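Descriptive structure summary
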Amino acid sequence: MTQDQAAIVARLLDRLKPKAKSLIVTVYGDAIAHHGGNAWLGSVISLVEPLGLNERIVRTSVFRLSKEEWLVSSQLGRRSYYRLTESGRRRFEAAHERVYRPSTRPWDGRWTLVITSGAVPAGEDREALRRDLGWLGFGQLAPGIKIHPDPDETALRLLLADSPAARNAVVMRAETLALTASEGLGDIIRSCWDLDRLAADYTEFLETFRPVWQSLKDDPDLDPQTCFVVRTLLMHGYRRALLRDPMLPDELLGADWPGTAARQLCRNLYRLVQAPAEQHLMAVLETAEGPVPEAHPSYYARFGGL
C-alpha cells in the first residue's frame, strides 16, 4: 500500500466511522458469501485488520452476530469457523437484488399493499413485520397499511415466509388510474417516504467516494489490499444509504435524483477495484478445507456484469 493509498483509506475510515459489527456484516455479505460463506475466524481477523479492527473487536462482534443468528460457528481442533446461518443467508440474498442489480425496471403503475391492521394481532411480531417491511422499502400509507410501487417480490415472499405475523397479513395489488393527478401522487410519495433525507445520504456518498474514484481510476498499479479495503468501505457506505432507499421507480423521482449518480459511481468504482480485491481475499481467507473456493458465477453478474 503506497503512502497515497494509505491516505485514501485513512480519509475513508475517518469520514465513514464504520461500526465493527456492521463492517463485518458487509465483509460477509460482499466478500465471503459468494465464496461459500464459511471462513476460519483467524483469517477473518487478518482480512479486516486493515479496516482498523483488532482481534478483540472482531471476536466480540462475531460473537454478537452469532447471538443475532447471522453467523454460526463450528470447531475443528483449536480453530473456530464461522459461516452464515440459513436465515442470515436468506437476508443477504434478499439484499443482494437491491444492492447489485443494474437499474430499476420500468414501472407498470401498480402498487403492492400489505395490510396488518386488524388482521394481525398487536404485539412484537406485528411490529417486527412492519419494521422488516420498512427495510424492503415499504412506506406507511395509513395505520396498518404499508405500500410500495415495485417491491422485490422474492424478498417479500421470503419475509412473509419467515414472519410469524405474516399468516394473518393481507397482501393486495392496486393500480394507478389515469384519473389520478400528478400532484396527488407526489403528495403520497412525500408522505410515505423521507426522500429529502435519502437525497442527503446519497449526496454525502458522492462527496465521499468521488475523490477516491479520481485518485484510483488512472493508477496503473492498484494494490490488492487497498482495493479490498476500498471495495468494503464502498459497499458499507453505499449500503448505509441504499437500505433506507425504497427503490422507487424512476417515473416517481426527479430527473436530478442523486441516487442515480450514486449507483453509477458505485458500479464504476466497484468494477475498478474488484479484481485486485478478490486477489487479496483469496490470499488471506481460509476455510476448514483450505483456501476459499472460487467465486460463484453469480458474483460476476453484479452491477450488470463485472
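Each remark here, short or long, concerns the structure printed above.
In this report, the structure presented in the accompanying data block is examined. (Residues numbered from 1 in each chain as written. Predicted model: local features only at pLDDT ≥ 70, side-chain atom pairs only at ≥ 80, totals over all residues. Heavy atoms only, no water.)

**Thoughts on the overall build of the chain**
Check the secondary structure of the chain and you find 11 helices and 9 strands. Scaling as 2.2 N^0.38, a compact globule of 306 residues should have a C-alpha radius of gyration of about 19 Å, and the chain matches this with 21 Å. Principal-axis analysis of the C-alpha atoms places the extent of the chain at approximately 60 × 45 × 35 Å. Residues counted as buried form 47% of the 306 residues belonging to the chain. Here the contacts in the chain between residues at least 6 apart in sequence split such that 80% fall between residues at least 24 apart. Between the centroid of the 38 positive side chains of the chain and the centroid of its 39 negative side chains there is a distance of 5 Å. (Helix = DSSP H or I, 4+ residues; strand = E, 2+ residues; numbered from the N terminus. Rg over C-alpha atoms; globule rule 2.2 N^0.38 Å. Buried < 20%, exposed > 50% of the residue type's maximum accessible area, 1.4 Å probe, protein only. Contact = heavy atoms within 4.5 Å. Lys, Arg positive; Asp, Glu negative; His and termini not counted. Charge placed at Lys NZ, Arg CZ, Asp CG, Glu CD.)

**Focus on the nonpolar core**
Counting 76 residues, the largest nonpolar core has Tyr28, Trp111, Phe209 and Met235 as the members making the most contacts within it. Per element, the largest residue contribution to this core is 10 residues, and it comes from helix H10 (residues 224–242). Once residues lying within four places of it in the same chain are set aside, the contact partners of Tyr28 are Ala33, Gly37, Ala39, Val44, Leu71, Tyr82, Leu84 and Phe92. Grouped together as the second largest cluster of nonpolar side chains are 10 residues, Leu129, Leu133, Ala165 and Ala169 included. (Core = buried A, V, L, I, M, F, W, Y, C linked by side-chain atoms within 4.5 Å.)

**Section: the side chain of Thr116**
For Thr116, the position within the fold is in the loop between strand E4 (110–115) and helix H6 (124–135). Using a relative accessible area of 2% as the deciding quantity, one classes Thr116 as buried. One polar contact links Thr116 to Arg130, side chain to side chain, over a distance of 3.3 Å. (Polar contact = N/O pair within 3.5 Å; in protein donor to acceptor, adjacent residues only side chain to side chain.)

**Describing the packing of aromatic side chains**
Ring pairs (aromatic) are described by centroid distance and by the angle formed between their planes. As enumerated under the stated definition, the model contains 8 aromatic pairs in all. Centre to centre, the rings of Phe205 and Tyr238 are 5.4 Å apart; their planes meet at 50°, and the pair counts as tilted. Here Tyr238 lies in helix H10 and Phe205 lies in helix H9 (residues 195–216), a separation of 33 residues in the sequence. No difference in accessibility class separates Phe205 from Tyr238, as the two residues are buried. Centre to centre, the rings of Tyr270 and Phe303 are 5.2 Å apart; their planes meet at 55°, and the pair counts as tilted. (Phe/Tyr/Trp six-rings, centres within 6.5 Å; stacked < 30°, edge-to-face > 60°.)

**Concerning the side chain of Thr287**
Position of Thr287 among the secondary structure elements: in strand E8 (residues 286–287). We classify Thr287 as buried; its relative accessible area is 7%. Polar contacts involving the side chain of Thr287 include one to the main-chain amide nitrogen of Glu289, which spans 3.1 Å. Setting aside its immediate chain neighbours within four residues, Thr287 contacts Asn38, Trp40, Tyr81, Val292 and Pro293.

**Observations concerning the pattern of salt bridges**
Inspection of every chain in the model, using the stated rule, returns 13 salt bridges. Asp201 serves as the salt-bridge partner of Arg244, at 2.8 Å between the closest nitrogen and oxygen. Residue Arg244 is found in the loop between H10 and helix H11 (258–284), and its partner Asp201 is found in helix H9; the two are separated by 43 residues along the sequence. Assessed through its relative accessible area of 37%, Arg244 is described here as partly exposed. Its relative accessible area of 16% is what places Asp201 among the buried residues. The structure contains a network of salt bridges with shared partners spanning Asp30, Arg231, Glu278 and Arg302. (Salt bridge = Lys/Arg side-chain N within 4 Å of Asp/Glu carboxyl O.)

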